[in-house]
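Letter by letter, the chains look like this.
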Amino acid sequence: MRRAITLAARGLGSTSPNPVVGCVVLDATGESVGEGWHQRAGGPHAEVHALRAAGERARGGTALVTLEPCNHTGRTGPCAQALIDAGIARVVYAVGDPNPTATGGAQTLRAAGIPVEQGLLETEAAEVNAAWLTSVRLGRPHVTWKYAATLDGRIAAADGTSRWITSAEARADVHRLRAECDAVVVGSGTQRADDPHLAVRGIEGAVQPLRVVVDTNGTAVPPDARVLDDAAPTLIAVADDATPAYDTENTVRLPRAEGGLDIRTLLDVLHARGVRSVLLEGGPTLAGAFVAAGAVDRVVGYLAPVLLGAGPAALTGGGITTITEALRLDVSETVRIGPDLRITATLVAKEH
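Definitions and limits used
Residues numbered from 1 in each chain as written. Predicted model: local features only at pLDDT ≥ 70, side-chain atom pairs only at ≥ 80, totals over all residues. Heavy atoms only, no water. Helix = DSSP H or I, 4+ residues; strand = E, 2+ residues; numbered from the N terminus. Buried < 20%, exposed > 50% of the residue type's maximum accessible area, 1.4 Å probe, protein only. Contact = heavy atoms within 4.5 Å. Polar contact = N/O pair within 3.5 Å; in protein donor to acceptor, adjacent residues only side chain to side chain. Pairing = 2+ DSSP bridges. Axes fitted to C-alpha atoms, helices over the stretch in contact; angles between N-to-C directions. Disulfide = S-S within 2.5 Å. Phe/Tyr/Trp six-rings, centres within 6.5 Å; stacked < 30°, edge-to-face > 60°. Lys NZ or Arg CZ within 6 Å of the ring centre and 35° of its normal. Core = buried A, V, L, I, M, F, W, Y, C linked by side-chain atoms within 4.5 Å. 1 Å grid on protein atoms, 1.4 Å probe; cavity = no way out; pocket = protein on both sides within 12 Å on 5 of 7 lines; lining within 4 Å. Points joined across faces, edges and corners; volume = space filled by probe spheres on them. Nonpolar A, V, L, I, M, F, W, Y, C, P; charged D, E, K, R; others polar. Salt bridge = Lys/Arg side-chain N within 4 Å of Asp/Glu carboxyl O.

*Asks:* Help me out: how do you make sense of unusual backbone geometry in this one?
*Replies:* If a residue is not glycine, its phi is most likely negative; likewise, a peptide bond is most likely trans. Put simply, serine 16 and proline 17 share a cis peptide bond, and its omega is 5°. On the secondary structure map, proline 17 appears in the loop between α1 (2–9) and β1 (22–26). Residue aspartate 195 is not a glycine yet carries a positive backbone phi of 45°. Positionally, aspartate 195 belongs in the loop between α8 (188–194) and β8 (210–214).

Structure (structure tokens):
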């Protein structure tokens, strides 16, 4: 199953609005004879790839799948039936399918006389599929907030300079994060200060994410902005009462909220466009708006062994005024990236 989870992760950034899924087929003696993963929306599912690789050796064997085999016919056929037709004798899956239109695969398999087990490495498999699971359960994209800061928590010096706080290795790692997400979001402050490109570089075969600029008043994106090139699709979100210098097919109008645009509406718009995972790369103000809206699921912080002593902090606002309102995080990973430290943490659900 751990191998199946590794395979599933290969689909990150290229399967939306579908989940990432990995599958390993063992023959009757327990030898691995086929493996596969869901590579793109509309293409064969993981089980189909693995069964094709296994051929006749799948008969009487075991299929290990990271997500309950689907039970519906969409652009592809039901995987539960494919497993039955292949003569699989046992199915083990990690995470149950919460999608009401696709669930029921386990029941179909059991009705065909095939033993089915659920829950093996469920937590690990769910973490890889967090974007799709969030989409199904909450009806919005999964949001990862990424930032880079010094050890004393500064994202820029007192004079506003910030290139480069972190190392080339850390910056390259950010492109991996972009490649795994469906959309990259920045605000008007970042747009003005950095003229970011936001496309993925240095990762072969990457599907370019949608580049999103939250430009409330429609004044931050000049005609020659780098995000307007043809390297990746772009969406500029402006207030519904703004009069931007531009109003093209790349522009969407959203209602205002305190200090900017309504974040929940923005996420609804992105979700309707098939976006299931968002990488928030904006500055402290936009990050605070997402936090205040309860729309940050994961935080990835790159900490550089640097001290600045003054300058802006990574987060502004967020609706937090006292220690009892602090958002508590569960650190899931700490990794050295060149001279820097990458910390990944998820929000801890509050007890009521």
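*Asks:* I would appreciate a short explanation of the environment of glutamate 169 in the present structure.
*Replies:* Its location among the elements puts glutamate 169 in helix α7 (residues 168–179). Overall, the relative accessible area of 44% leaves glutamate 169 in the partly exposed class. Residues glutamate 169 and aspartate 340 lie 171 residues apart in sequence; the distance between their C-alpha atoms is 8.4 Å. In contact with glutamate 169, other than residues within four places in its own chain, are Ile337, Gly338 and Pro339. Within polar-contact distance, the side chain of glutamate 169 engages the side chain of serine 167 at 3.3 Å.

*Asks:* Would you mind showing me how to read the sheet that holds strand β6 (residues 142–150) here?
*Replies:* In any sheet, the strands associate via hydrogen bonds between backbone groups, in a parallel or an antiparallel arrangement. Taken together, the 9 strands give an open sheet; going across it, the order is β10-β9-β8-β7-β13-β6-β14-β16-β15, and neighbouring strands pair in mixed fashion. With partners counted over all chains shown, the strands left at the sheet margins are β10 (251–254) and β15 (329–337), one partner each. Taken pair by pair, the neighbouring strands of this sheet meet at an average axis angle of 20°, ignoring direction. Across the sheet, α7 is in contact with β6, β7 (183–187), β13 (277–280), β14 (298–304), β15 and β16 (340–347); its angle to β14 comes to roughly 165°.

*Asks:* Looking at this structure, I do not really get helix α10 (residues 284–292). What am I missing?
*Replies:* Count 3.6 residues to each turn of an α-helix, and residues three or four apart come out pointing the same way. Among all positions of α10, only Pro284, Leu286, Ala287, Gly288, Phe290 and Val291 are buried. For α10, the secondary structure elements touched by its buried residues are β6, β7, β8, α9 (263–272) and β13. Glycine 294 sits one or two positions beyond α10 and adopts a positive phi of about 65°.

*Asks:* Where do I start with the state of the cysteines in this structure?
*Replies:* Disulfide: a covalent bond formed between the sulfur atoms of two cysteine residues. Within this structure, the stated rule accounts for 0 disulfides. Cysteine cysteine 70 shares no disulfide, and the gap to the nearest cysteine sulfur, in cysteine 79, comes to 3.7 Å.

*Asks:* Would you explain the sheet that holds strand β5 (residues 116–118) in this entry?
*Replies:* The strand order across the open sheet formed by 5 strands is β2-β1-β3-β4-β5, and the pairing between neighbours is mixed. If you trace the sheet from one side to the other, it starts and ends with β2 (32–37) and β5, each paired once. Direction aside, the axes of adjacent strands within the sheet are offset by 15° on average. Bridge count between β1 and strand β3 (residues 62–67): 4 bridges; the pairing is antiparallel. Its bridge partner lying in β3, valine 25 is registered against alanine 63. In this fold α1 packs onto β1, β2 and β3, with an angle of close to 140° to the strand it touches most, β1.

*Asks:* Looking at this structure, how should I read the packing of aromatic side chains?
*Replies:* The description of an aromatic ring pair rests on the distance of the ring centres and on the angle between the ring planes. Here the structure, examined in full by the defined rule, presents 1 aromatic pair. When the ring centre of tryptophan 37 is taken as reference, the NZ or CZ atom of arginine 10 above it lies at 4.8 Å. Over the face of the ring belonging to tryptophan 164 we find arginine 171, whose NZ or CZ atom lies 4.2 Å from the ring centre.

*Asks:* How should I be thinking about the nonpolar core in this particular structure?
*Replies:* Across soluble globular proteins, nonpolar side chains have a tendency to be buried as a group. By size, the foremost hydrophobic cluster in this structure holds 35 residues, and its most contacted members are Met1, Val25, Leu51, Leu83, Ile88, Val91 and Leu109. For this core, the secondary-structure elements that each account for two or more residues are α1, β1, α2 (46–54), β3, α3 (79–85), β4 (90–95), α4 (105–111) and α6 (130–138). It is β4 that provides the largest number of residues to this core, a total of 5 residues. If sequence neighbours within four positions are ignored, valine 25 has contacts with Glu31, Ser32, Val33, Gly34, Ala50, Leu51, Ala54, Ala58, Thr62, Ala63 and Ile88. By size, the runner-up hydrophobic cluster in this structure holds 32 residues, among which are Trp145, Ala149, Ile263 and Ala287.

*Asks:* How should the layout of surface pockets be read in this particular structure?
*Replies:* Unoccupied space between atoms shows up once a probe the size of one water molecule is rolled over them. The space that makes up the second largest pocket amounts to roughly 970 Å³. In terms of lining, the second largest pocket is formed by 39 residues, of which the most central are Glu127, Val128, Asn129, Ala130 and Arg298. When residues of the lining of the second largest pocket are assigned to their parent elements, the largest contribution, 5 residues, is made by helix α5 (residues 122–128). Split by residue class, the lining of the second largest pocket holds 15 nonpolar, 14 polar and 10 charged.

*Asks:* In this structure, what is going on with the pattern of salt bridges? I would like to understand it.
*Replies:* Opposite charge on two side chains allows them to pair when their charged atoms are near. One pass over the structure, following the stated rule, counts 15 salt bridges. Between glutamate 124 and arginine 2 there is a salt bridge, and its shortest N-O distance comes to 3.9 Å. Of the two residues, glutamate 124 is situated in helix α5 and arginine 2 in helix α1; the sequence distance between them amounts to 122 residues. Owing to a relative accessible area of 34%, glutamate 124 belongs among the partly exposed residues under this scheme. Its relative accessible area of 54% is what places arginine 2 among the exposed residues.

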